[in-house]
Amino acid sequence: MDPYLLGLRLEGRRVLVVGGGAVASRRVPALLDAGADVLLVSPKVAASLEDLAAAGRIRWEPRAYRPGDCDGAWLVCACTDDPEVNAAVAAAAEAQRTWYVRADDAGASAAWTPASGQAAGIRVAVLSGDPRHSAAIRDAVVAGLQSGRLSARHGRRHPAGVAIIGGGPGDPGLITVRGRQLLAEADVVLTDRLAPRSLLDELRDDVEIIDAGKIPYGRAMAQEHINAALVRHAQAGRFVARLKGGDPFVFGRGAEEVLACLRAGVPVTVVPGVTSAVGVPASAWVPVTHRGVAQEFHVVSVHVPPGDERSTVNWELLGGSSGTLVLLMAVERIGAVADELMRYGRSPDTPVSVIADGTLPTQRTINSTLEHVESRVAEEGVRPPAIAVVGDVVSVAAEITELMRHVTA
């Protein structure tokens, strides 16, 4: 007979789990997500379950199952590796008309646990009779929801207001799951020049796309006009996605846009992104910290040069530091930065890595020293977007790269 599918609302209701191994480790977190009051009975448990017990999230009885444990339970999970114990648990639950699941024998279970997952606020559960097939179908549906390729846009819970979305450092695969979900729901998208623009091809034809890109030393949509557009479209009842490169709160002016929306009474959501300050160096095998080499790193915007009255950067402090420096928007002023750092104590031989078009197919890396980086950047014709990393961690990247050649040879 086909099973009758049902979603159990377990908040505040007792669920008994007998057994503390791998199966219980998978089941218990999902039960907690449903708000269940979990009683775990097992002489020994996996470390993750012990942590949950220590945190007070579950109650653990470190002993063997005994008659009476099922009393008061709304659901029972028999997860031990002993069929006789599982059978005894199931019999006790059956006798008191409590639904139960046997991990070792689906045919003897009163209920089956589906392959389940969640994305875009939707819970997906699949039963097919074959657990592997169920899991494969579940994964396909969840992946479609996560990517936005499978979306019932403007369903019962149509998003409202504005979502400020960090798109990551450039590669469209590096946007967060949440960011991609909200992008798929949008009626209007305001996109930056450095946002993962290939994602726009996945949007429906009726989505309005507004190019709010700012070209270095070129044309730009003024920030006040961007703010006004976000508010105007949201107040007209449209859901607006503001797609930005990197993380919206790391030199992304995201907070300005949040404030503009809130001051106008528009609800706003912020979705963090992988900041290029860390993601781009990682894509070139440069760790911004490394044990025994650097235990601090500084992220600096060089949109104005050292000595400019608008600069708030303490170059003397950075020059005297041994930490890693990650320089954004520095290509046009790399010579002035290098001079300032050497002036305040950085060695001319300090390694420097300049990474252009980070995470994109056109990515390239130029390695040099602080003394010679300006001439190397000029020789190679490096143009924005590019990130410079200053510090001994660049030598770690060189070692990784060399070892990679041997591994892939």
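Please refer to the structure placed before this passage.
So, a few notes on the structure that sits alongside this text. Numbering of residues starts from 1 in each chain and follows the order in which that chain's sequence is written. Owing to the predicted nature of the model, reporting of local features is limited to residues with pLDDT of at least 70; listing and counting of side-chain atom pairs is limited to 80 or more, with chain, interface and lining totals taken over all residues. The basis for the side-chain values is all heavy atoms of the structure; hydrogens and waters are excluded.

**A short note on the overall build of the protein**
Looking only at helices and strands, the protein has twelve helices and 17 strands in total. In terms of overall dimensions, the protein is more spread out than a globule: its C-alpha atoms have a radius of gyration of 28 Å, far above the 22 Å expected for 409 residues. Counting only C-alpha atoms and orienting by the principal axes, one finds that the protein spans roughly 80 × 55 × 40 Å. Residue contacts are defined here by distance: any two heavy atoms, one from each residue, within 4.5 Å place the two residues in contact. Across the protein, contacts joining residues at least 24 apart in sequence account for 60% of those joining residues at least 6 apart. Accessible surface is estimated by sampling points in the Shrake-Rupley manner with a 1.4 Å probe; for residues, cover comes only from the protein chains shown. Carbon together with sulfur atoms contributes 52% to the accessible area of the protein, which is approximately 21900 Å² in total. Charged-residue counts in this description rest on Lys and Arg as positive and Asp and Glu as negative, His and the chain ends being excluded. Charge positions are represented by NZ for Lys, CZ for Arg, CG for Asp and CD for Glu. Measuring between centres, the 41 positive side-chain charges of the protein sit 6 Å from its 47 negative side-chain charges. For helices the rule is a DSSP run of H or I covering at least 4 residues; for strands it is a run of E covering at least 2, with both sets numbered from the N terminus onward. The atom set for the radius of gyration is the C-alpha atoms, and the globule formula is 2.2 Å times the number of residues raised to the power 0.38.

**A look at the pattern of salt bridges**
Salt bridges are identified by distance alone: a Lys or Arg side-chain nitrogen within 4 Å of an Asp or Glu carboxyl oxygen. For the structure on display, the rule yields 18 salt bridges. A salt bridge links Asp37 to Arg14; the shortest N-O distance between them is 3.4 Å. On the criterion of sequence distance, the pair formed by Asp37 in strand S2 (residues 37–41) and Arg14 in strand S1 (residues 14–18) is long-range, its members being 23 residues apart. Between Glu256 and Arg253 there is a salt bridge, with the nearest N and O atoms lying 3.0 Å from each other. Put simply, Arg59, Glu61, Arg63 and Asp69 are held in one network by salt bridges that share partners.

**Focus on empty space enclosed by the protein**
For each structure, a 1 Å grid was placed over the protein atoms alone; sets of points admitting a 1.4 Å probe that cannot get out are labelled cavities, open sets with protein on both sides within 12 Å along at least five of seven lines are labelled pockets, and lining residues have an atom within 4 Å of a point. Grid points are joined across faces, edges and corners, and a volume is the space filled by probe spheres set on the points. Inspection of the entire model under this criterion finds one cavity of 30 Å³ or more. Each pocket or cavity is described by its volume, and for the largest cavity that value is around 30 Å³. Lining the largest cavity, in full, are Ala330, Val331, Ile334, Val354, Val377, Ala386, Ile387 and Ala388. Gly is put with the polar residues, along with every residue not named as nonpolar or charged; the nonpolar set is Ala, Val, Leu, Ile, Met, Phe, Trp, Tyr, Cys and Pro, and the charged set is Asp, Glu, Lys and Arg. Class assignment for the residues of the lining of the largest cavity results in eight nonpolar, no polar and no charged.

**Structural notes on the layout of surface pockets**
Over the atoms, a rolled probe matching the size of one water molecule traces out where space is still vacant. Roughly 1900 Å³ of volume is contained in the largest pocket. What lines the largest pocket is a set of 49 residues, and nearest its centre among them are Trp112, Thr113, Pro114, Ala115 and Ser116. Listing elements by their share of the lining of the largest pocket, those giving two or more residues are helix H1 (22–33), strand S4 (75–78), strand S5 (99–102), strand S6 (115–119), strand S7 (122–126) and helix H4 (131–147). Considering every element that reaches the lining of the largest pocket, the biggest residue donor is H1, with seven residues.

**A look at the nonpolar core**
Residues belong to one nonpolar core when they are buried, are Ala, Val, Leu, Ile, Met, Phe, Trp, Tyr or Cys, and are joined through side-chain atoms within 4.5 Å. The classification of residues rests on relative accessible area computed with a 1.4 Å probe and restricted to protein chains. Under 20% of the type maximum is buried, over 50% is exposed, and intermediate values are partly exposed. The biggest cluster of nonpolar side chains holds 23 residues, and the ones touching the most others in it are Trp315, Leu327, Val354 and Val382. Where this core is concerned, the elements lending two or more residues are helix H9 (315–320), strand S14 (324–328), helix H10 (334–343), strand S15 (351–356), helix H11 (373–380) and strand S17 (386–390). Sorting elements by how many residues they give to this core places H10 first, with four residues. Excluding anything up to four places from it in sequence, Val382 contacts Val331, Val354, Ala356, Arg364, Ile366 and Val377.

**Quick look at the packing of H10 against H11**
Lines fitted to C-alpha atoms define the axes here, with helix axes fitted over just the stretch in contact, and angles between the N-to-C directions of these axes take values from 0 to 180 degrees. Here H10 crosses H11 at 165°, and the two axes come no closer than 8 Å. If you check the angle between H10 and H11, you find them roughly antiparallel. For H10 against H11, the interelement crossing comes out right-handed. Between H10 and H11, the contacting residues are Ile334, Gly335 and Ala338 on the first element and Val373, Glu374 and Val377 on the second. Among the residues forming the contact of H10 with H11, the class breakdown is four nonpolar, one polar and one charged. Angular relationships are summarised with four words: roughly parallel below 35 degrees, roughly antiparallel beyond 145, roughly perpendicular across 65 to 115, and oblique for the angles in between. The hand of a helix crossing depends on one turn: near helix anticlockwise from the far one by less than a right angle means left-handed, and clockwise means right-handed.

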